[in-house]
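Summary of the model geometry
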Amino acid sequence: MAHRPRILITNDDGISARGIRELSEALDDLGECWVVAPDSEQSAVSHALTLERPLRLSQQGERRFSVNGTPTDCVTLAMSCLLKDRAPDLVVSGINRGANMGVDVHYSGTVSAAFEGVILGRPAIAVSQVVGNGVSLDVARKVAREITLWVLEHGLPPETLLNVNVPPVREPRGLRLTRLGVRRYTEGVLRQEDPRGRTIYWIGGGEPVWERIPGTDFNEVGNGWISVTPLHLDMTSRNFLAEMESNPPSWVREGGDG
Ligand code: MN
């Protein structure tokens, strides 16, 4: 790489989270790192973009900014304002506090921030640390650094990011390429009464239970491996498209509604 690579670092836990601090430390000497992250916790905001109120960029240090918005807002502002002169060579999102595996990637602000980089034409990596008893981020830091170096050297295909999940163990068994797993929701919504007798609802909170399908992120991480799942932006179901094309449903037609 001719120039010193430029790396945009973001997250969804907020700029003061430990994960993004450790991530930026881990990547610091690999290039010109820019940290642009939400000023508050934004987990599970998915790919939300703020359109109905003004956004502010607040400088927190050298090449370090917070945004009063979502992870996607951060990547958008970073690319179109702060890094307008030269787009980053890579977007790295994390280190998220908690897993982002299986269908959960659709809710994840961490993964969506990386996808925003992909939408804007940059390779991206999302890194998440599964929460466990007294786990340090040393393993996640090391693997984030290793994969960052590899992507800087090799690049990624268009519309593709790498989603990394690190198990909560001191010494993982290794690193495995995976596909998204299947999670079973055990307790979807908790219904309670508030102190004034009105009904309230809490979404989530149950322990994740997943199908034990070999080769999936849930399964391998559950067995003590680091998982790396390549994710693609284009969600077109090519199989079903081909099936429908070869045997078109009755509503497929040429012309108007006649
Ligand atoms: Mn988070």
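Structure: see above.
Notes on the structure in this doc start here. Since this is a predicted model, take the numbers as computed values, not measurements.

Some details on the pairing of strand β1 (residues 6-10)
Along β1, 5 of the 5 residues are buried, which leaves the element largely enclosed by surrounding structure. The side-chain alternation of β1 yields two buried faces, one formed by Arg6, Leu8 and Thr10 and the other by Ile7 and Ile9. Across 4 bridges, the pairing between β1 and strand β2 (residues 32-38) is parallel. Residue pairing across strands places Leu8 opposite Trp34, the latter belonging to β2. In terms of handedness, the path from β1 via helix α1 (residues 18-27) over to β2 forms a crossover that is right-handed.

Some words on the coordination of the manganese ion
Looking at the manganese ion, one finds its protein donor set to be Asp12 (OD), Asp13 (OD), Ser43 (OG) and Asn96 (OD1), positioned 2.1 to 2.2 Å from the metal centre. In primary-sequence terms, the residues that donate to the manganese ion follow D-D-x29-S-x52-N. Of this pair, Asp13 sits in the loop between β1 and α1 while Ser43 sits in the loop between β2 and β3 (57-61), and the two are 30 residues apart along the sequence.

A closer look at the nonpolar core
In this structure, Ile7, Ile9, Leu27, Val92, Ile125, Ile147 and Val164 are the most contacted members of the largest nonpolar core, which totals 29 residues. Residue assignment for this core shows that the elements contributing at least two residues are β1, α1, β2, β5 (90-97), β6 (124-129), α4 (138-154), β7 (160-166) and β13 (226-232). At 7 residues, α4 tops the list of elements feeding residues into this core. Not counting residues within four places of it along the chain, the set of residues in contact with Ile147 comprises Ile125, Leu162, Val164, Leu175 and Val228. Of all hydrophobic cores here, the second largest spans 23 residues; its members include Leu83, Ala113, Leu161 and Leu231.

Calculation rules
Residues numbered from 1 in each chain as written. Predicted model: local features only at pLDDT ≥ 70, side-chain atom pairs only at ≥ 80, totals over all residues. Heavy atoms only, no water. Buried < 20%, exposed > 50% of the residue type's maximum accessible area, 1.4 Å probe, protein only. Helix = DSSP H or I, 4+ residues; strand = E, 2+ residues; numbered from the N terminus. Pairing = 2+ DSSP bridges. Right-handed = clockwise from strand over helix to strand, strands pointing away. Donors = N, O, S within 2.8 Å, 3.2 Å for Na, K, Ca; no water. Core = buried A, V, L, I, M, F, W, Y, C linked by side-chain atoms within 4.5 Å. Contact = heavy atoms within 4.5 Å.

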